[in-house]
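What follows is the residue order along each chain.
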Amino acid sequence: MTPVQILNQAQIANLPWEERPAGSSETIWRYSKNPVIPRDLIPSSNSIFNSAVVPFKSEFAGVFRCDDRSRLMLLHRGFSPDGLNWELDPEPLSFECDDPEIAEFVYGYDPRVVWIEDRYYVTWCNSYHGPTIGVAWTKDFETFHQLENAFLPFNRNGVLFPRKINGNFAMLSRPSDSGHTPFGDIFYSESPDLTFWGKHRHVIAPVADSWQATKIGGGPAPIETSEGWLLIYHGVLTSCNGFVYSASVALLDLEKPWKVIARAKPYLISPQTLYECVGDVPNVVFPCAALCDAETGRLAIYYGAADTVTGLAFAYVDELVEFARKNSL
């Protein structure tokens, strides 16, 4: 296989990392000390999961979903020297916003964070007459500037690409409903200014009789490689005991990301450990962030486990690309 080049990514010399266990053939393997973030890292939290992490000033920062003990879904910022030991601000994140129509915070959950050009952009599931995609930016993780919501309700899983495509900002999303959504495809959209969105294109749909039969949704920001955009995404099946969330990978065309190059048929990670199978919402693996070291191709993947805690897993970019190609639908 031709070596996979990772494009427009910096080296992360202090990327959190643990070697694949001896004797393991898994393409994605879990951190031995999971969960990396417990449910009660701050006094007010019931659970901390489905959160986003990025490199920041030679260390790491992130935006975290913290459901409090009244079960309000809130966003908190956090910092870490090594991506393993985290300190979260006990106060919920607040946004500066010029428009009171969208400034009122009702709930926020499942954030993603990505660096584009000169700042970090945050997307999350925001409330505006139902779930939609909130958008904000920050340069310092101190002040967060809220922009227009990206789409009409109902929508979830808004994932920005880490660079402009065709001169426009680009986002994946999953149109949904006001409840737990027993359906859902991934769509692609573009915007010249993060206010007006269009050029909507269908990307991928659920696959009948599989781990991704009910609905799917984007995970971390796609990773640009010489083979295409590497997309880690989640899929859901409806079992006799409810939803089961697993995750796998797809490769998308670099300039037309709605064109699928390859898409793995099997899942790569599914709920199998106690902390993934037991919690407030059992049987959930939900990736939201991936730290990528361009020099080694190593990936550190942060994922929500059972809607309760945050797990960490590891992989190599070239192995994920190869998995998508060799096991493509």
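These numbers were taken from a predicted model, which means no experiment stands behind them.

(A) Quick peek at the side chain of Q212. Take Q212: it is sitting in the loop between β13 (198-204) and β14 (215-218). Within polar-contact distance, the side chain of Q212 engages the side chain of R263 at 2.6 Å. Once you skip the residues sitting within four places of it in the chain, Q212 turns out to touch P206, V207, Y233, G235, V236, R263, A264, K265 and L329.

(B) How the structure looks around the environment of P16. Its location among the elements puts P16 in the segment before β1 (29-30). In sequence terms P16 and D89 are 73 residues apart; their C-alpha atoms lie 21 Å from each other. What P16 contacts, discounting residues up to four positions off in sequence, is F60, D82, G83, L84, L291, A300, Y302 and F314.

(C) The sheet that holds strand β8 (residues 131-138), seen in detail. Strand order in the open sheet made by the 4 strands is β6-β7-β8-β9, with antiparallel pairing throughout. With partners counted over all chains shown, the strands left at the sheet margins are β6 (108-116) and β9 (145-146), one partner each. Alignment of β8 against β9, held across 2 bridges, turns out to be antiparallel. Note on β9: the bridge partner recorded for A136 is Q146.

(D) Quick peek at helix α3 (residues 317-326). Along α3, the residues that are buried comprise V317, L320, V321, F323 and A324. In a view along the axis of α3, the buried residues occupy a sector of 160 degrees, so they form one face of it.

(E) Examining the pattern of salt bridges more closely. Under the defined criterion, the tally for this structure stands at 17 salt bridges. A salt bridge links R77 to E142, with the shortest nitrogen-to-oxygen separation between them at 3.1 Å. With R77 in strand β4 (residues 73-80) and E142 in the loop between β8 and β9, this pair connects stretches of sequence that are 65 residues apart. Using a relative accessible area of 52% as the deciding quantity, one classes E142 as exposed. What you see here is one network of salt bridges that share partners, running through R39, R71 and D280.

(F) Molecular detail of the packing of aromatic side chains. Throughout the structure, instances matching the rule amount to 24 aromatic pairs. When the ring of Y121 is compared with that of F169, the centres are 5.7 Å apart and the planes differ by 65 degrees; the resulting orientation is edge-to-face. In this pair, Y121 sits in strand β7 (residues 119-127) while F169 sits in strand β11 (residues 169-175), placing the two residues 48 residues apart along the sequence. Note on accessibility: Y121 and F169 belong to one class, buried. Three or more aromatic residues joined by ring pairs make a cluster, and in this case those are F56, F79, F95, W115, Y120, W124, F141 and F144. The ring of W137 carries R119 above its face, with NZ or CZ at 4.2 Å from the centroid. Taking NZ or CZ as reference, R201 lies 5.6 Å from the ring centre of W258, over its face.

Conventions and cut-offs
- Residues numbered from 1 in each chain as written.
- Predicted model: local features only at pLDDT ≥ 70, side-chain atom pairs only at ≥ 80, totals over all residues.
- Heavy atoms only, no water.
- Helix = DSSP H or I, 4+ residues; strand = E, 2+ residues; numbered from the N terminus.
- Polar contact = N/O pair within 3.5 Å; in protein donor to acceptor, adjacent residues only side chain to side chain.
- Contact = heavy atoms within 4.5 Å.
- Pairing = 2+ DSSP bridges.
- Buried < 20%, exposed > 50% of the residue type's maximum accessible area, 1.4 Å probe, protein only.
- Arc of directions from axis to C-beta.
- Salt bridge = Lys/Arg side-chain N within 4 Å of Asp/Glu carboxyl O.
- Phe/Tyr/Trp six-rings, centres within 6.5 Å; stacked < 30°, edge-to-face > 60°.
- Lys NZ or Arg CZ within 6 Å of the ring centre and 35° of its normal.

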